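Residue-level listing of the chains:
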Amino acid sequence: MIPLIDLAAQYRSIKSDIDQAVLRVLASTQYTLGDEVTAFEGEFAAYCGAQHAIAVNSGTSALHLALLAAGVGPGTEVITVSMTFVATVAAILYTGATPVLIDVDPRTGTLDPGLIEAAITPRTRAILPVHLHGQTAEMDAICEIARAHGLLVIEDAAQAQGAAYHGARAGSLGDIACFSFYPSKNLGACGEAGAIVTSDSALADTVRMLRDWGQAGRYNHVLQGYNYRMEGIQGAVLRVKLPHLDRWNDARRQHAAAYDARLGAAGLDIPQEAPGRHHVYYVYAVRVAERDAVREHLLKAGISTGVHYPVPVHRQPAYADAVRVVGALPVTERFAAQTLSLPLYPELSGDQSERVCEALLEVCVGQPA
């Protein structure tokens, strides 16, 4: 079976370094925050091209705190998309604000800047673009609109560690950015973890307090905060992995290029890397009709696949009545109905990607490759 992702292969490649890092934390007894987390914050901020990184316990917590620091709360609105994991919208609801959902670009699946103006109201506080599948949104246009209306831009970069837009990395493109280090991500922890990245010192100071019970010094609680601190082991693991990230992303891009060559030549609807973007392919999602039948065919051929995301947020029972949808979302609906994620990870072999192409072409084009 060819897996959708192979975390064990990655662990084997750096096992000694990971094991030593974990043992180092156990010996130090700095289990929450501590020196390893502080060091990772500095290294990750520098990697993103930003001044500050604040490490937290998940990508969802990162979104929640970034929104709060940006002044999002009851009576305000945040413009974002429905083609995302529910955490994007849930974090807005945690603050008491209203998520306002618009459609996505048909090439990239990221927020369509041309639809933002119609969604802005006097209550709008921020725009939250999602860098879907490892490709950034159209940030110049988004930021220009935000500046014209006095809005903040919060990047949901949960899937975009190392992605870039015209040479600038995700995390440095808006006012504040949110990352997830869920184990499957391009830069993944050995458990849950996340980070907020910004070059705004005031935002950074607020987030830093909010993640640790609102403290400005021990037992001096100046904000109503949260216990969102990163564990020391996760900081140590991420420090080991960060120097490998660009190499791993290069491998992902090479595998994606191989898929592009075989599948695109056969007429399949493959992912599009927009001009000026550096796509890091957290997910390689083709669009196919009769997706369930295609998945079943690939499974019988020994190939695992995934779907990101089969039911958009505005159609989820828990969120349908809690959001405001601006206009129809036909592109979102089409992505949700047709996208199929193929196996893609740095350790994928050429023979494995060839098998994937052969099986997919056989069912979609009706002929073996």
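Cut-offs and rules
- Residues numbered from 1 in each chain as written.
- Predicted model: local features only at pLDDT ≥ 70, side-chain atom pairs only at ≥ 80, totals over all residues.
- Heavy atoms only, no water.
- Pairing = 2+ DSSP bridges.
- Helix = DSSP H or I, 4+ residues; strand = E, 2+ residues; numbered from the N terminus.
- Contact = heavy atoms within 4.5 Å.
- Axes fitted to C-alpha atoms, helices over the stretch in contact; angles between N-to-C directions.
- Buried < 20%, exposed > 50% of the residue type's maximum accessible area, 1.4 Å probe, protein only.
- Arc of directions from axis to C-beta.

**Q** I keep staring at the sheet that holds strand S8 (residues 176–180) and nothing clicks. Help me out?
**A** Remark on secondary structure: sheet strands pair via backbone hydrogen bonds, oriented parallel or antiparallel. Judged by pairing direction, the sheet is mixed, and its 8 strands sit side by side in the order S1-S9-S8-S5-S4-S2-S3-S12 without closing on themselves. Every other strand in the sheet has two partners, leaving strand S1 (52–56) and strand S12 (324–325) as the edge strands with one partner each. Two strands pair when backbone bridges link them, and strand S5 (residues 152–156) and S8 are joined in this way by 3 bridges, in the parallel orientation. Looking across to S8, one finds that Glu155 is bridged to Ala177. Its contacts with the sheet put helix H6 (residues 139–149) on strand S4 (124–127) and S5, and the angle it makes with S5 is roughly 150°.

**Q** Mind showing me how you'd approach helix H10 (residues 291–300) here?
**A** The α-helix advances 3.6 residues per turn, and as a result positions three or four apart in sequence lie on the same side. Among the residues of H10, Arg291, Val294 and Leu298 are the ones counted as buried. The arc that holds the buried residues of H10, viewed along the axis, is 65°, so those residues lie on one side. Exposed residues pointing more than 90 degrees away from the buried face of H10 are listed as Asp292 and Lys300. The inward-facing, buried residues of H10 abut helix H11 (330–338), strand S13 (339–342) and helix H12 (350–364). Phi for Gly302, located one or two positions after H10, is positive at around 85°.

**Q** In this structure, what is going on with the sheet that holds strand S10 (residues 277–278)? I would like to understand it.
**A** On the basis of which strands lie adjacent, the open sheet formed by 3 strands has the order S7-S6-S10 and antiparallel pairing. At either margin of the open sheet sits one strand with a lone partner, and together these are strand S7 (168–169) and S10. Here 2 bridges tie strand S6 (residues 164–165) to S10, and the two strands are oriented antiparallel to one another. Residue Ala164 lies in a different strand from S10, and its bridge partner there is His278.

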